[in-house]
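Now for the letters of each chain:
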Amino acid sequence: MTGNGTGDTEALREEIRRTRVELGETMEALAAKADVKARLKESAEQARERMREQAAQTVARVRGQAARGAGMARAQAYETGGLVREKGELVRRNPVPWAAIAAGAVAAVVVLMIVRGRRR
């Protein structure tokens, strides 16, 4: 401390300056909280961004599942194609059971037509 009191004056001025800065920051924070419209806009923008991220994740997940499903479908189609070829060979070798089934189906249709004709 100096004899003429300038040390105390400078310290007080510095304290006043810090207090003004702190008060200004506090006022800015309060003004930001009081600005409901701006807060709602910011909240809406954050919600939009979250939705965009979730949509992108969902699209990626669905595409991955679709790719796996397509691969499985191809594998099943390949296996089924082999089975159909095998069954086709059996039909060519022994067509009698298939002919019997076809004859039975024709007979059933004829019987149904006769029964319907009698009802009218």
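Quick caveat, the model's predicted, so the values are computed rather than measured.

Caption draft 1: Up close: the confidence of the model for the chain. For the chain, mean pLDDT is 80; residues scoring 70 or higher make up 76% of the total. Put simply, helix 2 (residues 36-93) is where the chain has its lowest mean pLDDT, 79, and helix 1 (residues 6-34) is where it has its highest, 88.

Caption draft 2: Main features of the pattern of salt bridges. Using the criterion set out here, one finds 7 salt bridges in the structure. Put simply, R17 and E14 hold a salt bridge, and the shortest N to O gap is 2.6 Å. With R17 and E14 both in helix 1 and 3 residues apart, this pair spans about one turn of that helix. You can call R17 partly exposed: its relative accessible area is 46%. Here E15 and R18 are joined by a salt bridge, their closest N and O atoms 2.7 Å apart. With E15 and R18 both in helix 1 and 3 residues apart, the pair spans about one turn of that helix.

Basis of the calculations
Residues numbered from 1 in each chain as written. Predicted model: local features only at pLDDT ≥ 70, side-chain atom pairs only at ≥ 80, totals over all residues. Heavy atoms only, no water. pLDDT = per-residue confidence, 0-100. Helix = DSSP H or I, 4+ residues; strand = E, 2+ residues; numbered from the N terminus. Salt bridge = Lys/Arg side-chain N within 4 Å of Asp/Glu carboxyl O. Buried < 20%, exposed > 50% of the residue type's maximum accessible area, 1.4 Å probe, protein only.

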